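Read off the chains here:
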Amino acid sequence: KGPRSSDWYTGLAPHECPGYGDGQLRSLPTPRLDKMTKSIAQDFFDNSWTLYECLFAGLNGEEPFYRPPGHGLRHPQVIILRKR
């Protein structure tokens, strides 16, 4: 519980990520395709990936995935896997 260590993240930790400043990670603007470079694409991907992981960093244990939230406004984060 508490803040996640840097090794918890599969990509860059928030403080190492493009878009981090003043103690916050912010989303980068969508890159323009006519001005795209490999560096811009990599920064945008790293930023998006880290923001996505930050959503799950707040979940501790397995309970948030099956227990309905206290406010009752939405379903638990149930993930259903299907065989093909």
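I will try to describe carefully the structure that is included in this document.

About the thresholds
- Residues numbered from 1 in each chain as written.
- Predicted model: local features only at pLDDT ≥ 70, side-chain atom pairs only at ≥ 80, totals over all residues.
- Heavy atoms only, no water.
- Helix = DSSP H or I, 4+ residues; strand = E, 2+ residues; numbered from the N terminus.
- Buried < 20%, exposed > 50% of the residue type's maximum accessible area, 1.4 Å probe, protein only.
- Contact = heavy atoms within 4.5 Å.
- Areas by Shrake-Rupley, 256 points an atom, 1.4 Å probe, with all protein chains shown as cover.
- Disulfide = S-S within 2.5 Å.
- Salt bridge = Lys/Arg side-chain N within 4 Å of Asp/Glu carboxyl O.

### A short note on the overall build of the protein chain
Now for step 1: Per the secondary structure count, the protein chain includes two helices and two strands.
Now for step 2: The order of helices and strands in the protein chain, counted from the N terminus, is β-β-α-α.
Now for step 3: When each of the 84 residues of the protein chain is scored for burial, the buried share is 15%.
Now for step 4: In the protein chain, of all internal contacts separated by at least 6 residues, the share reaching a separation of at least 24 is 50%.
Now for step 5: Element-wise, carbon and sulfur atoms account for 56% of the exposed surface of the protein chain, whose accessible area totals about 7,300 Å².

### Here's the deal with the state of the cysteines
Now for step 1: Enumeration according to the criterion identifies zero disulfides in this entry.
Now for step 2: Cys17 carries a free sulfur, and the closest cysteine sulfur to it, the one in Cys54, is 8.1 Å from it.
Now for step 3: For Cys54, a relative accessible area of 30% corresponds to the partly exposed category.

### A look at unusual backbone geometry
Now for step 1: A positive phi angle, near 55°, is found at Asp22, a position not held by glycine.
Now for step 2: Relative to the assigned elements, Asp22 resides in the loop between β1 (20–21) and β2 (24–25).

### A short note on the pattern of salt bridges
Now for step 1: Tallied over the full model, the rule gives one salt bridge.
Now for step 2: Taking the shortest distance from any N to any O, the salt bridge between Arg32 and Asp34 comes out at 2.6 Å. Of the two residues, Arg32 and Asp34, neither departs from the other in class, the shared state being exposed.

### Remarks on the side chain of Asn47
Now for step 1: Its location among the elements puts Asn47 in helix α1 (residues 38–57).
Now for step 2: If we ignore the near neighbours within four places in the chain, the residues touching Asn47 are Cys17, Pro18, Gly19, Leu25, Arg26, Ser27 and Leu28.

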